[in-house]
Amino acid sequence: MLHVGNGNYVTKDKILAITLCESAPMRRKRMIAEDEDMLIDCTAGKKTRSLLHLVDGFVVSSSVSPEVLVSRVDK
């Protein structure tokens, strides 16, 4: 399990990609996922710093930076 912040966890084998959320395509991806009820918000009201793209099409927003998440996956 990968800790994505604020007491939330994601199964490591379901993660396709971990991306920054600051680029326009990633902001669009987040908005589309939100409109299609495919967004899981794990930020607890904090600033979104990364997006985790899952194999089943869901997108998880996290307040933890992508660098930290990748280091947690590698442990």
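If you're wondering where the values come from, they're calculated on a predicted model, not measured in any experiment.

**A short note on unusual backbone geometry**
- A positive phi is found at Asn 6, a non-glycine position, where the angle reads about 60°.
- Structurally, Asn 6 is set in the loop between strand S1 (2–5) and strand S2 (8–10).
- One non-glycine residue, Ala 44, lies in positive phi territory at about 55°.
- Take Ala 44: it is sitting in the loop between strand S4 (39–41) and strand S5 (50–54).

**Digging into the environment of Val 70**
- With respect to the helices and strands, the residue Val 70 is situated in helix H2 (residues 66–74).
- Given the relative accessible area of 39%, Val 70 is considered partly exposed.
- Sequence separation between Val 70 and Leu 39 is 31 residues, and the spatial gap between their C-alpha atoms is 20 Å.

Parameters at a glance
Residues numbered from 1 in each chain as written. Predicted model: local features only at pLDDT ≥ 70, side-chain atom pairs only at ≥ 80, totals over all residues. Heavy atoms only, no water. Helix = DSSP H or I, 4+ residues; strand = E, 2+ residues; numbered from the N terminus. Buried < 20%, exposed > 50% of the residue type's maximum accessible area, 1.4 Å probe, protein only.

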